[in-house]
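Working through the structure, step by step
Chain residues, written in single-letter form:
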Amino acid sequence: MDKFIQVDGLVVPLDRANVDTDAIIPKQFLKSIKRTGFGPNLFDEWRYLDHGEPGMDNSKRPLNPDFVLNQPRYYGAQILLARENFGCGSSREHAPWALDDYGFRAIIAPSFADIFCNNCFKNGLLPIVLDIASIDDLFQAVTASPGYHLKIDLEQQSIIAPNGVVYRFEVDAFRKNCLLNGLDDIGLTLQHVRKIKEYEARRKLEAPWLFT
Amino acid sequence: MGTQTLYDKLWNGHVVHEEPDGTTLIYIDRHLVHEVTSPQAFEGLRLAGRKPWRIASMLAVADHNVPTTDRTQGIADPISRLQVETLDSNCDELGITEFRMADVRQGIVHVIGPEQGATLPGMTVVCGDSHTSTHGAFAALAFGIGTSEVEHVMATQCLLMKKAHAMQVLVEGTLGKGVTAKDLVLAVIGKIGTAGGTGYAIEFAGSAIRALSMEGRMTVCNMAIEAGARAGMIAADDTTIGYLKGRPFAPQGELWDKAVGYWRTLHSDEGAQFDKVVRLDAAEIKPQVTWGTSPEMVVAVDGNVPDPARESDPVKRSSIDLSLKYMGLQPNTPITEIQIDKVFIGSCTNARIEDLRAAAEVVRGKHVAANVKLAMAVPGSGLVKQQAEREGLDKVFVEAGFEWREPGCSMCLAMNADRLESGERCASTSNRNFEGRQGPGGRTHLVSPEMAAAAAIAGHFVDVRNF
């Protein structure tokens, strides 16, 4: 997994609540057996005016000029500013893969759906929860100032706005450590092989029907 | 230990290791696998030179991409076909039990697990699919995971987690005639919202829950994720145990007796504390119909489409505006005046035998309305299909103008050829009414099987209680 330490990135605002993973990456792109290449189809149904299917040349498709990612001032954005319950719905990890592949490194929202939030951490994408008042401030600021950047520092758990305001955020200590060091979860778990085997041996005695 | 909730018991029973900050290694008893979320996990395992920890814990099936029409020609779409073939070859290579497309046991992963007795009380059950919460109906701790976690479970038989908060949804009383488990859970989502259960594991309890069949309980737990909760669960009782007896993967003989003894302890203790309790009166629940693009956008069938002008919160008002625009609906329209184009009876929410029986009773001797272009009944598994055909339900559906299909996820998410065209409106027994879920531009209204069947006959939503 890629490390996440600091990001100084352009912010794009996606001003709607309950953005679900079907919207983030529509189902026809889930037929891929790869982990990469989902970026061009991120938010496909909002981003393009035609219907997208796997294998199309996305550079030739008509863009929806009203969709925020298509506005030139937001090209190259690395931070997505969103509303509550971002990432609800299906467990598809293709959603964070698509966000990551597009170039996003962090998402700031008042709340995230649980499975999506988990999937982000597994992919070096940082979901940051801020209170609604701060989110409202940021929406206002980013809309009012073209080129609006935020500086995210995971070590310090802080976001620094151009006007010098610092927003503090919480992050689970274990997940923070994994992101800062780019640690592989499976490798960490396998350090506990002995304990897993002991558990299994105990469980086989207590509930043998689970091991038939 | 003091008094414990069902969730406490399931959690405590699976702790392998706990860090001081609460990060816990949880042992996984059952790993269900389907074709969409597994290929990258198998590949990751291979690239790292790892082997699955316990192959016997795995059960695989292709359900999302499979055609529901004639299967003798295989899958027409080459990309879908490759994904299913990839699952087949991964299972072959590693010796994982898989129900292939021609196997009568094939079906939607959340239908076949319980049907086979592969889901048992007291288990931890995971699958790379958010509707894994379904299996919680068996007093199991069951939840959906992403592909990285699929690989993690394959490699280690464990997951790293933090314990969620505990919520009890207490539904007392008796559901009225024509009011189903689907209406109950939609009413819960309408009450707490799609993020109401975020960070919680929900236990559904109360006399109305105890009165449900296992099929009904699965419908309720299936949609816990639509309320934001990764896991939904219901205590084990005689209904649970009766359902499991004799299922192929369920224990037998002495082991059965020993297992039943343990299963009987799988309920929240008297006086157990929940972080949050939500109460509903079953008698007040009416048949529900969603009007928007999130499952929380739901009203009773005798209600109207809401008016955004009456919403004071700007974010909510904008959500209503966007939804009504997408759904092609005017504020204040009575739900029963909404005309439909298609009907879908199926999905991991409502494709079990009891769902098909209930829908068939509504359409028996009647015919689908002229304005309904397509009405489909898609059984949840080959065995459900077989049982329905033994009971003659297929004929009831076909005579009423329905198509009777092969089992799979079908138009719940339209990864196969079954989908809505842009602008088409569907009465659907599935679980998500998101934009584009059933096909780009498609408009989904979530309802119970009885309500979908009645809408098919009338051509618009009707109150099945007076139908």
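Refer to the structure above for everything that follows.
Residues numbered from 1 in each chain as written. Chains lettered and ligands numbered in written order. Predicted model: local features only at pLDDT ≥ 70, side-chain atom pairs only at ≥ 80, totals over all residues. Heavy atoms only, no water.

**What about the overall build of chain B?**
Looking only at helices and strands, chain B has 15 helices and 19 strands in total. The globule rule puts the C-alpha radius of gyration for 467 residues at 23 Å, and the 21 Å found for chain B is close to it. Taken along its principal axes, the extent of the C-alpha atoms in chain B is 55 × 55 × 45 Å. Long-range pairs, those at least 24 residues apart, make up 76% of the contacts in chain B between residues at least 6 apart in sequence. As presented, chain B carries roughly 15300 Å² of accessible surface, and 49% of it is formed by carbon and sulfur atoms. (Helix = DSSP H or I, 4+ residues; strand = E, 2+ residues; numbered from the N terminus. Rg over C-alpha atoms; globule rule 2.2 N^0.38 Å. Contact = heavy atoms within 4.5 Å. Areas by Shrake-Rupley, 256 points an atom, 1.4 Å probe, with all protein chains shown as cover.)

**Points about the interface of chain A and chain B**
With 60 residues of chain A at the contact, the number on the chain B side is 77 residues. Together, the buried faces of chain A and chain B total about 5600 Å²; carbon and sulfur atoms form 57% of this surface. Its largest share of buried area at the contact with chain B, chain A owes to K31, I33 and W209 of chain A, together 15% of the area lost on that side. At the junction of chain A and chain B, the tally comes to 10 salt bridges. Of the charged contacts in the structure, one is a salt bridge between R35 of chain A and E151 of chain B, with a shortest N-O distance of 3.4 Å. Our enumeration of links across chain A and chain B arrives at 34 residue pairs in polar contact (both at pLDDT 80 or more). Of all the secondary structure elements, the ones that give two or more residues to the side of chain A that touches chain B are α2 (44–47), α3 (94–102), α4 (114–121), α6 (173–181), α7 (185–189) and α8 (193–206) of chain A. With 10 residues, α8 of chain A is the single largest residue contributor to the side of chain A that touches chain B. In terms of residue class, the side of chain A that touches chain B is made up of 21 nonpolar, 15 polar and 24 charged. (Buried area = accessible area lost by both parts, 1.4 Å probe. Salt bridge = Lys/Arg side-chain N within 4 Å of Asp/Glu carboxyl O. Polar contact = N/O pair within 3.5 Å; in protein donor to acceptor, adjacent residues only side chain to side chain. Nonpolar A, V, L, I, M, F, W, Y, C, P; charged D, E, K, R; others polar.)

**Observations concerning helix α13 (residues 382–390) of chain B**
Residues and elements named next belong to chain B. For α13, every residue scored as buried is listed here: G382, V384, K385 and A388. For α13, the angular spread of buried residues about the axis comes to 160 degrees, placing them on one side. Residues of α13 that are buried sit in contact with α4 (109–116), α12 (353–363), α14 (393–399) and β17 (403–404). Once α13 ends, the next one or two residues include G392, with phi positive near 80 degrees. (Buried < 20%, exposed > 50% of the residue type's maximum accessible area, 1.4 Å probe, protein only. Arc of directions from axis to C-beta.)

**Focus: the sheet that holds strand β7 (residues 141–144) of chain B**
All names here are of chain B. Strand order in the open sheet formed by five strands is β5-β4-β3-β6-β7, and the pairing between neighbours is parallel. The open sheet terminates on both sides in strands that have one partner only, identified here as β5 (97–99) and β7. Between one strand axis and the next, the sheet turns through 20 degrees on average, direction left out of account. (Pairing = 2+ DSSP bridges. Axes fitted to C-alpha atoms, helices over the stretch in contact; angles between N-to-C directions.)

**Details of the sheet that holds strand β11 (residues 231–233) of chain B**
Residues and elements named next belong to chain B. Across the sheet, four strands lie side by side as β11-β10-β9-β12; this open sheet has parallel pairing. This sheet does not close on itself; its edge strands, each paired only once, are β11 and β12 (276–281). Across the sheet, the mean angle separating the axes of adjacent strands is 20 degrees when strand polarity is ignored. Here three bridges tie strand β10 (residues 200–205) to β11, and the two strands are oriented parallel to one another.

So yeah, pure geometry; function would need other evidence.
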